[in-house]
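Overview (structure and organization)
Each chain, written out:
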Amino acid sequence: MSQHVVPPSVYVKVFGGLTILMILTWVMAFVNLGVFNPVVAVTIAILKALLIVLFFMNVKYSSRLTWVFVAGGFFWLLILFFMVMPDYLSRDWQAPVQPW
Amino acid sequence: MSTVAIAPESALMPKRHYANVRHSVASWLLTTDHKRIAILYLVSITLFFAVGGFFAMMVRLELLTPKGDLLDGDTYNKMFTLHGIIMIFFFLIPSIPAVLGNFLIPLMVGAKDLAFPKINLFSWYLYIIAGVVAVTALVKGGVDTGWTFYTPYSSTYAKTEVFLAVSAAFVAGFSSILTGLNFIVTIHKMRAPGLTWFRLPLFVWAHYATSLIQILGTPIIAITLVLVAVERIWGKGIFDPSLGGDPVLFQHMFWFYSHPAVYIMILPGMGVISEVITCFSRKRIFGYEFIAFSSLAIAIVGFLVWGHHMFVSTQSTYAGMVFSFLSFLVAVPSAIKVFNWTATLYKGEITFEAPMLYAFGFIGLFTIGGLTGLFLAAMATDIHFHDTYFVVAHFHYVMVGGMVMGFLCGIHYWWPKMTGRMYPPLLASIAAALVFVGFNCTFFPQFVLGYLGMPRRYHEYAQEFQVLNVMSTAGASILGLGYFIPGVYFIWSLFWGPVAGPNPWHAKGLEWQTTSPPPTFNFEEDRPIVVEEAYAYSIEGAESVS
């Protein structure tokens, strides 16, 4: 089975990118952006995850079948988020229980 | 009705096979042969089954009388917790995939081994490391949170060995993930020529679906348990409300894995039943494609139903309604399987060998377990039944009545393949009957106890519940005997059992086309080529291998 050979320089660059993103995460923790703080933090986290999945896990150079399984993993994570959130969003919809 | 011939007299044991090719202990502990690793798992899970069974025995003995005569409350809590942790993480989840799946999937797809043999051995070592950590937790005083590790008790208040127990479950999870990964790659990449997806044995389909759950769900429980440890060790508020956390979030994350984990346990059992029902009915299975896709449907829909464990947890009623509907939905693919197995029996040439008896037991007990699950999926009735013995009875009907029956069914069916020897058929049938009777005596009274309102996880109970508890404990002793007998005759058969020959059941499938026990690389000659559909029992003169 042929395998794509990734030059070490790519890994070095990805490592550099991850280090910069880590420093950015730390810096942003001291900047008050109000409601946008979590948005920025999650965006940086997604970028880090993408770098790791695409390059360190070699998914960028893998078959379509591998892509399907990787996408499946993220889809399952979305299932968790999208089915937990309605619980939190709809708890206040209920009328309080009246005592007998 | 016809009789299946067992062990032709001319059958001979092959001189060289996977089990005798080398004899040293190191050759077993460092093996990468999937069949030897399966045997390592078989020995390991049997030991854990005995340990978990001991804790179950202590629980049942304590509940023989209403007062806490044998155990105090704290010790009782540890007993049922350790019973749950050991049985679920160290017996039920790995049993069929790690033993029968490991042994059979390469044989069934016509491969020499699994895709990653070293990772396969590594997963066994992870399992053993996890087991050692669990036993350490036990020796150091045990854990009392229940196998569910509900927060904030587990993360903040429990004074027992929660960290060790959580670590054990965490490591065992990685073993499970690696096994699932190995199966998926093997099934995709290593099928024999001609073995298309719709010629695969349903056992393989069931394991494919199981593997999907293992690799998609297990990481969630792993991270959840890490978060419990983080809160417990460093006091970071994640689940404990007094630290700003949310205990219901733990339940969401825990059950996102742990409900599908029920399907990790039961789907491989369903795969076993599909093989056995067809073999001993001498018929192609009814609705092959429906059974294959129902495995995938169970795996996928099973991920959408976890909230039915949380109807009384302060989860939103509206979310509860959605989870309730989806829980009813997952009953459909399960029912498809039961109907199709039953339809397969129709006009079949049925014989009643021990594996078939276990298969019948599986169908009946799983059906009861599944149907009583609907009571718990309906929000109104669940409020009454929640945390009562009804729930205990329900999940034991699924996990023990279903999965353990499936495991015993599979072990009896493929024992001749694994060892090359037969076991005494009459004794095996008696043991199957004892297991069935003992199981029902143990757990059916618990449905009634739950209906009457007896709560679970208490070491004392009201006097009015004693008669049913005595019945349950008496049943457990019959069940224990039913489990003990196969252990004896299987060991006997290793030394003195009649030689089985390659295909004692006259079954279809590639695993029966090689010697019993198989050689190290599974097939003596060239790789088999598949030229017919699965379960071609009714096609005269058909050959599986050319």
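Numbering of residues begins from 1 in every chain and follows the order in which that chain's sequence is written. Whichever chain is written first becomes A and whichever ligand is written first becomes 1, with later ones labelled in order. pLDDT decides what is reported in this predicted model: residues at 70 or higher carry local features, side-chain atom pairs at 80 or more are listed and counted, and totals for whole chains, interfaces and linings draw on all residues regardless.

Scanning chain A from terminus to terminus reveals three helices and zero strands. Helices and strands appear in chain A in the N-to-C order α-α-α. Both definitions apply: the radius of gyration is a C-alpha atom measure, and the globule rule equals 2.2 Å times residues to the power 0.38. A compact globule built from 100 residues would reach a C-alpha radius of gyration of about 13 Å, whereas chain A, at 20 Å, exceeds it by more than 25%. Dimensions along the principal axes, computed over C-alpha positions, put chain A at roughly 70 × 40 × 15 Å. Counting the 100 residues in chain A, one finds 3% classified as buried. Helix and strand definitions here come from DSSP, where helices need a minimum of 4 consecutive H or I residues and strands a minimum of 2 consecutive E residues; each element is numbered from the N-terminal end. Backbone-placed C-beta atoms define the burial measure: a residue is buried with 20 or more other C-beta atoms within 10 Å of its own, exposed with 12 or fewer, and partly exposed in between.

The next thing to look at is the interface of chain A and chain B. Whether two residues are in contact depends on their C-beta atoms, placed from the backbone: they are in contact if these lie within 7 Å. Every contact between the two is made by 14 residues of chain A and, on the other side, 12 residues of chain B. Amino acids are sorted into nonpolar (Ala, Val, Leu, Ile, Met, Phe, Trp, Tyr, Cys and Pro), charged (Asp, Glu, Lys and Arg) and polar (every other residue, Gly among them). Its residues assigned to classes, the side of chain A that touches chain B comprises eight nonpolar, four polar and two charged.

Let us look at the domain arrangement of chain A. Each assigned domain of chain A is listed here: domain 1 (1-62) and domain 2 (63-94). For domain 1 of chain A versus domain 2 of chain A, the distance between C-alpha centres works out to 21 Å. Note that the domain bounds were set by an automatic or database domain assignment.

This part takes up the environment of K347(B). Residue and element names in this part refer to chain B. Take K347: it is sitting in the loop between α10 (317-345) and α11 (354-377). A tally of 9 C-beta atoms within 10 Å means that K347 is categorised as exposed. Placed 64 residues apart in sequence, K347 and K283 show a C-alpha to C-alpha distance of 8.8 Å.

Looking now at the nonpolar core. All names here are of chain B. Counting residues in hydrophobic clusters, the biggest one holds 176 residues, and the most contacted among them are A134, A165, A168, V276 and C409. The element that contributes the greatest number of residues to this core is helix α3 (residues 73-109), accounting for 23 residues. Leaving out residues up to four positions away in the same chain, A165 has contacts with I85, A134, A137 and V143. Defined on buried residues, the nonpolar core groups Ala, Val, Leu, Ile, Met, Phe, Trp, Tyr and Cys residues joined through C-beta atoms within 7 Å.

Further remarks concern helix α2 (residues 36-56) of chain A. With 21 residues, α2(A) extends 29 Å from end C-alpha to end C-alpha; this agrees with the ideal 30 Å at 1.5 Å per step. Once α2(A) finishes, N58(A) follows within two positions and takes phi at roughly 60 degrees, a positive value. For a helix, the expected span equals 1.5 Å multiplied by the number of residues minus one.

With 97% of its residues at a pLDDT of at least 70, chain A reaches an overall mean of 90. Of all the helices and strands in chain A, helix α3 (residues 64-90) of chain A carries the lowest mean pLDDT, 91, while helix α1 (residues 8-28) of chain A carries the highest, 95. Residue-level confidence of the predictor is summarised by pLDDT, bounded by 0 at the bottom and 100 at the top.

So, on to the packing of α10(B) against α11(B). The relative placement of two packed helices comes down to the angle between their axes together with the axis-to-axis distance. All names here are of chain B. Angular values range over 0 to 180 degrees, each being the angle between N-to-C directions of two axes fitted as lines to C-alpha atoms, with helices fitted over their stretch in contact. Closest axis-to-axis distance for the α10/α11 pair is 10 Å, and the angle between their directions is 165 degrees. Between α10 and α11, the angle falls in the class roughly antiparallel. The element α10 and its partner α11 pack so that their crossing is left-handed. Contacts from S324, S327, F328, A331, S334, V338 and W341 in α10 reach I363, T367, G370, L374 and A377 in α11. Looking at the contact of α10 with α11, its residues break down into seven nonpolar, five polar and no charged. The labels follow the angle: roughly parallel below 35 degrees, roughly antiparallel above 145, roughly perpendicular from 65 to 115, and oblique for the rest. Crossing handedness is defined as follows: a turn of the near helix away from the far one that is anticlockwise and smaller than a right angle gives a left-handed crossing, while the clockwise case is right-handed.

Time to look at the packing of helix α7 (residues 202-234) of chain B against helix α8 (residues 247-281) of chain B. Residue and element names in this part refer to chain B. One can describe the packing of α7 onto α8 by two numbers: an axis separation of 8 Å at closest approach and a directional angle of 165 degrees. One way to sum up the angle between α7 and α8 is to call them roughly antiparallel. You can see that α7 and α8 cross each other, and the crossing is left-handed. For the contact of α7 with α8, the class distribution of residues is 21 nonpolar, nine polar and one charged.

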